[in-house]
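For reference, the chains in residue letters:
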Amino acid sequence: MRDYLLTLCVTAAVTYLLTGPVRKFAIATGAMPEIRARDVHREPTPRLGGIAMFFGLCAGLLVADHLQNLNSVFELSNEPRALLSGAALIWLIGVLDDKFELDALIKLGAQMISAGVMVAQGLTILWLPIPGVGVVSLTPWQGTLLTVALVVLTINAVNFVDGLDGLAAGMVCIAAAAFFLYAYRLWYGYTIEAAAPATLFTVILMGMCLGFLPHNMHPARIFMGDSGSMLIGLILAASAISITGQVDPDALKIFEGSTRQATHAALPVFIPLMLPLSIIAIPMADLVLAIVRRTWKGQSPFAADRGHLHHRLLEIGHSHSRAVLIMYFWSALIAFGTLAYSVHSASMWIVLCVVALSAIGLVLLLLPRFTPRAPRWAESVVPPRYRRRKRALVVETAPDPVVVEEERIPVPAGINGATAIGNRGRFTDRRKAGTPS
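Everything quoted here is computed from the prediction, not taken from an experiment.

A few words on the overall build of the chain. Looking only at helices and strands, one finds 15 helices and four strands in the chain. Counting every position in the chain, which comprises 437 residues, the buried fraction comes to 48%. Taking contacts inside the chain between residues at least 6 apart in sequence as the whole, the part at least 24 apart equals 72%. Put simply, the chain shows about 21,300 Å² of open surface, and 66% of that area lies on carbon and sulfur atoms.

Dropping the structure here:
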């Protein structure tokens, strides 16, 4: 664990220290696109944050290669080299897209080629543990197609959710943390060396995200761009592929004892099918909803819009920071809930805790729908948004104008006091259409 922590710290430090110079480089090269209709930031912000993240990846792999306890990953497996090859290709395409805005089909082709490069070097799914069936061996073509599909879906899911400051990096960091704990348990608890590459990939991915987040939290000073979002999506997919299709379930020696004991013990085998899906459940749901929504409207699935989940959170009244924290909460609940259930599947307390936390999450999600008003005596100690506000209206009467105070209910503000739809006034106007002002 000490070596993994050292690798994480080095990766985070290199990413953090390089992000500042990369920001200046992005400004100098003009990698600051104009604000688009779907964007929620108000000022042009430089991209190319993926450059710092890629060098953080290289630093993490280099340090791990020189550590005694992690060097065996490079000696016994070709997966780190396969990951670096695919990551370099997708990162290069992402850098070009951040600067020149490449076509969506070109990026899709690059994603498939990057996955093919990793498959050619051995990072592929060899078998699948299917509940009720057992371990199913895959043919080379089946493994290749499944690997490419998983890589493309994960990359685009992460890319689609990258719409708010710190959202994609934080959600991927949470997913990587859950995956690291699971992979480390297989490697250390079951002494399965085949789980070591996935453990290394996830800890490096955590370091990349943690090093970039201080620069990317609201208000962001730099965006990761497609060079960063596609990169971390590919690493997350590579971790899932390594732990799902490379670890032999028979090595766990779980099919012993009674049927009930074997069923509970088999969960660590079947969790690789659920955990990769659970850690990207929210981004994947956003991806599927976006494709359905755009296709229903007769648009291209790659056409940009403002219908993503984070846009909807802003529209119902959440601030930028609170929308990001809500997405963090649901990602952590799903990922760590699945992880906890894989460790203690017979405990009902885990299920009850997940249900209770889900209820809390729903309350936080719907909080802007309520408009609580503090009593007069408590207005001095509550935030301004919960105080009763009054605005002076001048009513023209003869002979002198009369000043009338009208009570207004504040509208939950979004970014910098504005909603996600556009610049709206601070208070709602409750007059009906056609009513004289």
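Next comes the rest of the account.
Moving on: the nonpolar core. Of all hydrophobic cores here, the largest spans 91 residues; its most connected members are Leu57 and Leu200. Broken down by element, this core gets its largest block of residues, 17 residues, from helix α7 (residues 167-189). Those residues in contact with Leu200 that sit more than four places away from it in its chain are Tyr4, Thr7, Leu61, Ala64, Leu70, Val73 and Phe74. If you look at the next biggest cluster of nonpolar residues, it comprises five residues, including Ala157, Phe160, Leu287 and Ala290.

Attention now moves to the environment of Leu234. Following the sequence through the fold, Leu234 ends up in helix α9 (residues 225-245). Expressed as a C-alpha distance, the spacing of Leu234 and Leu153, which sit 81 residues apart in the sequence, is 9.6 Å.

A surface patch of nonpolar side chains, amounting to about 640 Å² of accessible area, comprises Tyr341, Met348, Trp349, Val351, Leu352 and Val355. Sorting elements by how many residues they give to the nonpolar patch places helix α15 (residues 348-365) first, with five residues. Tracing the backbone shows Val355 in helix α15. Assessed through its relative accessible area of 52%, Val355 is described here as exposed.

Along the chain, Asp97 falls in helix α4 (residues 79-100). Among residues more than four places away in sequence, those in contact with Asp97 are Arg47, Leu102, Lys107 and Asp226.

Close contact between α7 and helix α8 (residues 196-216) brings their axes to 8 Å; oriented N to C, the two are set at 155°. Considering the angle they form, α7 stands roughly antiparallel to α8. The way α7 lies across α8 gives a crossing that is left-handed. Where α7 approaches α8, its residues Ala169, Gly170, Val172, Cys173, Ala176, Ala177, Phe179, Phe180, Ala183, Tyr184 and Trp187 are matched on the opposing element by Ala196, Ala198, Thr199, Thr202, Val203, Leu205, Met206, Cys209, Leu210, Phe212 and Leu213. Of the residues contributing to the contact of α7 with α8, the split by class is 19 nonpolar, three polar and no charged.

We now examine unusual backbone geometry. That bond from His218 to Pro219 is cis: its omega, -5°, falls within 30 degrees of zero. Counting through the fold element by element, Pro219 comes out in the loop between α8 and α9. Positive phi values are uncommon outside glycine, yet Glu101 reaches one of about 60°. One can find Glu101 in the loop between α4 and α5 (104-120).

Locating Gly361 in the fold gives a position in helix α15. Sequence spacing of Gly361 and Trp330 is 31 residues, and the spatial spacing of their C-alpha atoms is 7.3 Å. Once residues lying within four places of it in the same chain are set aside, the contact partners of Gly361 are Phe329 and Trp330.

Any aromatic ring pair is given by two values, namely how distant the centres are and how the planes are angled relative to each other. On inspection of all chains with the given rule, the structure shows ten aromatic pairs. Ring geometry for Phe54 and Phe55: centres 6.0 Å apart, planes at 75°, overall edge-to-face. You can call Phe54 buried: its relative accessible area is 8%. The class of Phe55 is partly exposed, set by a relative accessible area of 40%. When the ring of Phe179 is compared with that of Tyr182, the centres are 6.4 Å apart and the planes differ by 90°; the resulting orientation is edge-to-face. With Phe179 and Tyr182 both in helix α7, this residue pair falls three residues apart, about one helical turn.

Time to look at the pattern of salt bridges. Counting across every chain of the model gives three salt bridges. A salt bridge links Lys107 to Asp97; its shortest N-O distance comes to 3.6 Å. Of this pair, Lys107 sits in helix α5 while Asp97 sits in helix α4, and the two are ten residues apart along the sequence. A salt bridge links Lys107 to Asp226; the nearest nitrogen and oxygen atoms lie 2.8 Å apart. With Lys107 in helix α5 and Asp226 in helix α9, the pair connects residues that are 119 residues apart, well separated along the chain. The class for Lys107 is buried, based on a relative accessible area of 14%.

Rules used in this analysis
- Residues numbered from 1 in each chain as written.
- Predicted model: local features only at pLDDT ≥ 70, side-chain atom pairs only at ≥ 80, totals over all residues.
- Heavy atoms only, no water.
- Helix = DSSP H or I, 4+ residues; strand = E, 2+ residues; numbered from the N terminus.
- Buried < 20%, exposed > 50% of the residue type's maximum accessible area, 1.4 Å probe, protein only.
- Contact = heavy atoms within 4.5 Å.
- Areas by Shrake-Rupley, 256 points an atom, 1.4 Å probe, with all protein chains shown as cover.
- Core = buried A, V, L, I, M, F, W, Y, C linked by side-chain atoms within 4.5 Å.
- Patch = residues over 30% accessible without salt bridge, like charges linked within 9 Å, V, L, I, M, F, W, Y side chains within 5 Å.
- Salt bridge = Lys/Arg side-chain N within 4 Å of Asp/Glu carboxyl O.
- Axes fitted to C-alpha atoms, helices over the stretch in contact; angles between N-to-C directions.
- Parallel < 35°, antiparallel > 145°, perpendicular 65-115°, else oblique.
- Left-handed = near helix turned anticlockwise from the far one by under 90°.
- Nonpolar A, V, L, I, M, F, W, Y, C, P; charged D, E, K, R; others polar.
- Phe/Tyr/Trp six-rings, centres within 6.5 Å; stacked < 30°, edge-to-face > 60°.

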